[in-house]
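Here is how the chains run, residue by residue.
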Amino acid sequence: MEIKAILGDITKQADVEAIVNAANESLLGGGGVDGAIHRAAGPDLVKECRTLGGCRTGDAKITSSYDLPCKYVIHTVGPIYYGGKSGEEEKLSSCYRRSLEVALEKGIRSVAFSSISTGVYGYPLDKASKTGVDTVFDFVSKHPSSFDLIEWVCFDGLTLKYYEEQINDHGRSALRGL
Ligand code: AR6
C-alpha cells in the first residue's frame, strides 16, 4: 500500500474511492474545503447531510459523492484549537481513526484526507500533521492489507511540506507488508 501527500484540490481527486471533508458539527456546509466539496458535489449532498443529524467532534459519517469524481465523502469534524490543553490531540486523532473505520466498514480501499483543522479551526500544522500521520500509520499497521492508498491532498506548498516530512519520518520500510 501507499501513504503519500500531494498538492491539489481534493474536489478533483478521481484516484480515490473516498475523500475526507473537514466539516463542522452541523454537517450542513461551511467555508474552506467543506464549502468547496459542497459546491462541487451539488445540492443533493446537503440534502443527504440533513438526514444525518450532525456529527460530534472527532467522529465521522459517510455520504454519497453526487457530482464529485470519487464515490463517497467521509465527513469528519476536527477540533477547534484552543492552545492544545483541551483534548485537541485526542479529538484530531479520533477524526482520522473514525474516518478509516467508516471506510473499512464500506470496503473502501483508497482515501484522500484534507488537512483537518489546520484552516479556520487554527490547529498548528506541525502538530496536526504529526497527529494525523501517526494515527494513520498506527491504524494501517493494525489493519494490514485493508487499504491500497491513503493520501493527504494539500492545498498549498507549506501544508504539503509538513505532511511529507511526517510521512518520511515513518519511512517507506514501515509500509512493507501492509
Ligand atoms: N482541496 C484541498 N484542501 C483545501 C481545499 C480544497 N479544495 N480548500 C481548502 N483546503 P478548513 P478546518 C484546505 O478551514 O480548519 C469550514 O467552514 C485549507 O487550505 O477548510 O477543519 C467547516 O464548515 C486547509 O489546509 O477546515 C468548519 O466550520 C484545510 O483545507 C471549519 O471550516 C482545512 O481548512 C473547519 O475548519
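Right above here is the structure, for reference.
Residues numbered from 1 in each chain as written. Predicted model: local features only at pLDDT ≥ 70, side-chain atom pairs only at ≥ 80, totals over all residues. Heavy atoms only, no water.

Some remarks on the packing of aromatic side chains
Considering all chains together, one arrives at six aromatic pairs under this definition. Taken together, a centroid distance of 5.3 Å and an interplanar angle of 25° make the contact between tryptophan 152 and tyrosine 163 stacked. Within this pair, whereas tryptophan 152 is found in strand E6 (residues 149-154), its partner tyrosine 163 is found in helix H5 (residues 157-170), the two being separated by eleven residues in sequence. With respect to burial, tryptophan 152 and tyrosine 163 carry one shared label: buried. An aromatic cluster of at least three residues, connected via ring pairs, comprises Tyr96, Phe113, Trp152 and Tyr163. (Phe/Tyr/Trp six-rings, centres within 6.5 Å; stacked < 30°, edge-to-face > 60°. Helix = DSSP H or I, 4+ residues; strand = E, 2+ residues; numbered from the N terminus. Buried < 20%, exposed > 50% of the residue type's maximum accessible area, 1.4 Å probe, protein only.)

Some words on the site of the ligand
Taken together, 21 residues lie near the ligand, and Asn24, Gly31, Val33, Asp34 and Val120 sit nearest. Here the ligand has 700 Å² of accessible area as a free molecule, and 89% of this is covered by the chains. Mapped onto the shell around the ligand, the elements with two or more residues apiece are strand E2 (18-23) and helix H1 (32-41). In terms of residue count, H1 provides more of the shell around the ligand than any other element does, four residues in total. A class-by-class count of the residues in the shell around the ligand yields nine nonpolar, ten polar and two charged. (Near = heavy atom within 4 Å. Areas by Shrake-Rupley, 256 points an atom, 1.4 Å probe, with all protein chains shown as cover. Nonpolar A, V, L, I, M, F, W, Y, C, P; charged D, E, K, R; others polar.)

Description of the nonpolar core
In terms of nonpolar packing, the biggest core is built from 33 residues, with Phe113 and Trp152 touching the most fellow members. Elements with a minimum of two residues in this core: strand E1 (2-7), E2, strand E3 (60-64), helix H3 (88-106), strand E5 (110-113), helix H4 (125-142), E6 and H5. Grouped together as the second largest cluster of nonpolar side chains are 17 residues, Ile37, Leu45, Cys49 and Cys70 included. (Core = buried A, V, L, I, M, F, W, Y, C linked by side-chain atoms within 4.5 Å.)

A short note on the pattern of salt bridges
A full pass over the atoms with the stated rule returns nine salt bridges. Two residues, aspartate 9 and lysine 12, come together in a salt bridge whose shortest N-O distance is 3.5 Å. Residue classification places aspartate 9 among the partly exposed residues on the basis of a relative accessible area of 24%. With a shortest N-O distance of 2.8 Å, lysine 142 and aspartate 138 are connected by a salt bridge. Taken as a pair, lysine 142 and aspartate 138 lie in helix H4 at a separation of four residues, close to a single helical turn. The exposure class assigned to lysine 142 is exposed, which follows from its relative accessible area of 56%. Its relative accessible area of 35% is what places aspartate 138 among the partly exposed residues. (Salt bridge = Lys/Arg side-chain N within 4 Å of Asp/Glu carboxyl O.)

What to know about the packing of H3 against H4
Following both chains from N to C, one finds H3 and H4 inclined at 40°, their axes separated by 9 Å at the closest point. As the angle between them shows, H3 and H4 are arranged oblique. Pair H3 / H4 crosses with right-handed handedness. Residues Glu89, Leu92, Ser93, Tyr96, Arg97, Leu100, Glu101 and Leu104 of H3 touch H4, and the partners they reach there are Ala128, Thr131, Gly132, Thr135, Val136 and Phe139. (Axes fitted to C-alpha atoms, helices over the stretch in contact; angles between N-to-C directions. Parallel < 35°, antiparallel > 145°, perpendicular 65-115°, else oblique. Left-handed = near helix turned anticlockwise from the far one by under 90°. Contact = heavy atoms within 4.5 Å.)

Regarding the pairing of E6
Across the six residues of E6, six count as buried, placing the element largely inside the fold. Neither face of E6 is left uncovered, since the one carrying Leu149, Glu151 and Val153 and the one carrying Ile150, Trp152 and Cys154 both have all their residues buried. Relative to E6, E1 is paired through six bridges, and the arrangement is parallel. Across the sheet, residue alanine 5 finds its bridge partner in E6, namely tryptophan 152. Pairing analysis gives four bridges linking E5 to E6, with the strands arranged parallel. Among the inter-strand pairings, valine 111 is bridged to a residue of E6, identified as isoleucine 150. With H4 bridging E5 and its parallel neighbour E6, the resulting β-α-β unit is right-handed. (Pairing = 2+ DSSP bridges. Right-handed = clockwise from strand over helix to strand, strands pointing away.)

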